[in-house]
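Next come the chains, spelled out residue by residue.
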Amino acid sequence: PIAQVRSALYPSSLHWGVGMTSHEIANCSYVADTWESLLKIRDTLELNRRILFRGQSNSEWKLKSSLERSADRYGIELKDLPKREWELVREFKRKAHHFLTSPPASANTLEWMSIMQHHGAPTRLIDWSYSFYVGVWMACSGEGQELDDAGLWAVDQKWCSQSARRLIEKQH
């Protein structure tokens, strides 16, 4: 196969937890053997939906943020991530004047995390694209990878936004 496409379009079967943990959100999976079969899958997924795409160079990888991957790498428990994340944000803000000419407002944590991610810091944010082709590029652009192992996540944008709002409301 040239790619495995995982899709979360049917939220009734999804398991979504509260807090900073990895979530298995895929509930259906397609395997594409050719570019043409990948395009047919895309057409099926995009039928009357606004889809977000994320490519990963290994179809077996779970959907994890760079912060979660760093925690795995350094043996940090997930329950300790909120404290570690706050320390990273605080330290980044403290040093930002060295490389940012116009930093965001101190209270705008989401924008700070976006800038941190842009500069290579681990964050809870995960890059997505509305473009199927950008998602495929993300999946196939890894250094020295086998192209038959790429993965492409496809998530319904409306469901994702609604789920994120509900999750945030539960936490606050």
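You'll find the structure just up there.
Basis of the calculations
- Residues numbered from 1 in each chain as written.
- Predicted model: local features only at pLDDT ≥ 70, side-chain atom pairs only at ≥ 80, totals over all residues.
- Heavy atoms only, no water.
- Helix = DSSP H or I, 4+ residues; strand = E, 2+ residues; numbered from the N terminus.
- Buried < 20%, exposed > 50% of the residue type's maximum accessible area, 1.4 Å probe, protein only.
- Contact = heavy atoms within 4.5 Å.
- Polar contact = N/O pair within 3.5 Å; in protein donor to acceptor, adjacent residues only side chain to side chain.
- Axes fitted to C-alpha atoms, helices over the stretch in contact; angles between N-to-C directions.
- Parallel < 35°, antiparallel > 145°, perpendicular 65-115°, else oblique.
- Left-handed = near helix turned anticlockwise from the far one by under 90°.
- Nonpolar A, V, L, I, M, F, W, Y, C, P; charged D, E, K, R; others polar.
- Salt bridge = Lys/Arg side-chain N within 4 Å of Asp/Glu carboxyl O.
- 1 Å grid on protein atoms, 1.4 Å probe; cavity = no way out; pocket = protein on both sides within 12 Å on 5 of 7 lines; lining within 4 Å.
- Points joined across faces, edges and corners; volume = space filled by probe spheres on them.

Caption draft 1: Here's a closer look at the overall build of the protein. Of the regular secondary structure elements, the protein holds 6 helices and 4 strands. Overall, the protein shows an N-to-C arrangement of helices and strands of β-β-α-β-α-α-α-α-β-α. For the protein, the residues scored as buried account for 38% of the 172 residues in total. Taking as baseline every contact in the protein between residues at least 6 positions apart, the subset at least 24 positions apart corresponds to 69%.

Caption draft 2: Just the environment of S129, in detail. Mapped onto the secondary structure, S129 falls in the loop between α4 (109-118) and α5 (132-140). Separated by 76 residues in the primary sequence, S129 and F53 have C-alpha atoms spaced 5.1 Å apart. Side-chain polar atoms of S129 contact the backbone nitrogen of S131, separated by 2.9 Å.

Caption draft 3: Structural context of the packing of helix α2 (residues 66-74) against helix α3 (residues 81-95). Taken N-terminus to C-terminus, the directions of α2 and α3 make an angle of 110°; their axes are 11 Å apart at the nearest point. Taken together, the axis directions place α2 and α3 in an arrangement best described as roughly perpendicular. At the point where α2 passes α3, the crossing takes the right-handed sense. Here L67, E68 and A71 of α2 lie close against α3, whose contacting residues are L81, E85 and L88. Class assignment for the residues of the contact of α2 with α3 results in 4 nonpolar, no polar and 2 charged.

Caption draft 4: Main features of the pattern of salt bridges. Enumeration according to the criterion identifies 7 salt bridges in this entry. Its salt-bridge partner being R42, residue D43 comes within 2.8 Å of it at the nearest N-O pair. By relative accessible area, D43 is classed as partly exposed at 44%. Within the structure, one salt-bridge network assembled from shared partners comprises E91, R94 and K95.

Caption draft 5: Just the layout of surface pockets, in detail. Quantified by volume, the second largest pocket comes out at close to 320 Å³. In this structure, the second largest pocket is lined by 15 residues; those nearest its centre are R54, K64, S66, R69 and D127. Secondary-structure elements contributing two or more residues to the lining of the second largest pocket are β3 (51-56) and α2. Among the elements that line the lining of the second largest pocket, the one with the most residues is β3, at 3 residues. Of the residues that constitute the lining of the second largest pocket, the class distribution is 4 nonpolar, 6 polar and 5 charged.

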